[in-house]
Amino acid sequence: MKLIWADCETTGIRPDQGAAIWEFALIVREIESLTETEQVRKLHDDEYVWHLRPNLSRADPMALKVGGYYQRCEARRFARDSAKTIASPELQETERDYLFTKQVAQQAAELLDGAHVMGANFGSFDAPHIDAFLRANDECLAADYHYTDIGSLVRGWAL
């Protein structure tokens, strides 16, 4: 089983109104179920973070401010439709990859394929943005459609 925690920063609230992802992060946990009497064993966690250079002509200035685009985005000086890998299990500590946006979409689509995805407000915010990003780059969000909203879990646990 594959569990993924996902988060993205965007240039606006609604992808259908031109909002685009500029930061995309996934934590991927591969687990293996053992026998019924044994506990689930964690195999490994991998972190992936990409900074993308979207078209900002339709960006909401407040969304850029809230996400810290001009302070944090390491791809903002790149050409449009390019990206920079910030974290990946294949990279060494000091190495950074320059990619095209389509390459990020291919990597993310493969990671998300069949995974159970979790996040804060994932189903109503992140999933539509991620799906729009993947489809704009010839890919599709093929994760399990049963998303887990971390906020709901925390509220339930707290009560």
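Residues numbered from 1 in each chain as written. Predicted model: local features only at pLDDT ≥ 70, side-chain atom pairs only at ≥ 80, totals over all residues. Heavy atoms only, no water.

A. Examining the pairing of strand β1 (residues 2-10) more closely. Across 9 bridges, the pairing between β1 and strand β2 (residues 21-32) is antiparallel. What sits directly across from L3, in β2, is R29. Bridge count between β1 and strand β6 (residues 116-119): 3 bridges; the pairing is parallel. The residue bridging I4 from the neighbouring strand is V117, located in β6. (Pairing = 2+ DSSP bridges. Helix = DSSP H or I, 4+ residues; strand = E, 2+ residues; numbered from the N terminus.)

B. Examining the pattern of salt bridges more closely. In total, this model carries 6 salt bridges according to the counting rule given. In this structure, R135 engages D131 in a salt bridge whose closest nitrogen and oxygen atoms are separated by 3.0 Å. Residue R135 and its partner D131 are located together in helix α4 (residues 122-136), separated by 4 residues, close to a single helical turn. (Salt bridge = Lys/Arg side-chain N within 4 Å of Asp/Glu carboxyl O.)

C. Just the packing of aromatic side chains, in detail. Counted according to the given criterion, the structure contains 8 aromatic pairs. Ring geometry for Y48 against W50: centres 5.8 Å apart, planes inclined by 25 degrees, an arrangement best described as stacked. In terms of burial, Y48 and W50 fall into one category: buried. For the ring pair F78 and Y98, a centre distance of 5.0 Å and an interplane angle of 65 degrees mean the geometry is edge-to-face. Placement of the pair is F78 in the loop between α2 (69-72) and β4 (82-87) and Y98 in strand β5 (residues 97-100), with a sequence separation of 20 residues. We classify Y98 as partly exposed; its relative accessible area is 46%. Chaining the aromatic ring pairs together yields one cluster made of F24, Y48, W50 and F133. (Phe/Tyr/Trp six-rings, centres within 6.5 Å; stacked < 30°, edge-to-face > 60°. Buried < 20%, exposed > 50% of the residue type's maximum accessible area, 1.4 Å probe, protein only.)

D. Region of interest: unusual backbone geometry. In this structure, D81 is a non-glycine residue whose phi angle is positive, near 65 degrees. Position of D81 relative to the elements: it lies in the loop between α2 and β4. The backbone of N121 shows a phi angle near 60 degrees, a positive value even though the residue is not glycine. Tracing the chain through its elements places N121 in the loop between β6 and α4.

E. The arrangement of the nonpolar core in detail. Grouped together as the largest cluster of nonpolar side chains are 27 residues, with contacts concentrated most on F24, L26, W50, L112, I130 and L134. Counting residues per element, the ones that place at least two in this core are β1, β2, β3 (41-52), α3 (101-112) and α4. If one sorts the elements of this core by residue count, α3 sits on top with 6 residues. Among residues more than four places away in sequence, those in contact with W50 are W22, E23, F24, L26, K84, T85, I86, L99, V104, Q107, A108 and L111. Core analysis: the second largest hydrophobic core is formed by 6 residues, W22, A59, L64 and Y69 among them. (Core = buried A, V, L, I, M, F, W, Y, C linked by side-chain atoms within 4.5 Å. Contact = heavy atoms within 4.5 Å.)

F. Structural context of α4. With 15 residues, α4 should cover 21 Å at 1.5 Å per step; its first-to-last C-alpha distance of 19 Å lies within 8% of that length. Taken as a whole, α4 has its buried residues at F122, D126, A127, H129, I130, F133 and L134. D138 sits one or two residues past α4 and shows a positive phi near 65 degrees. (Expected span 1.5 Å × (residues − 1).)

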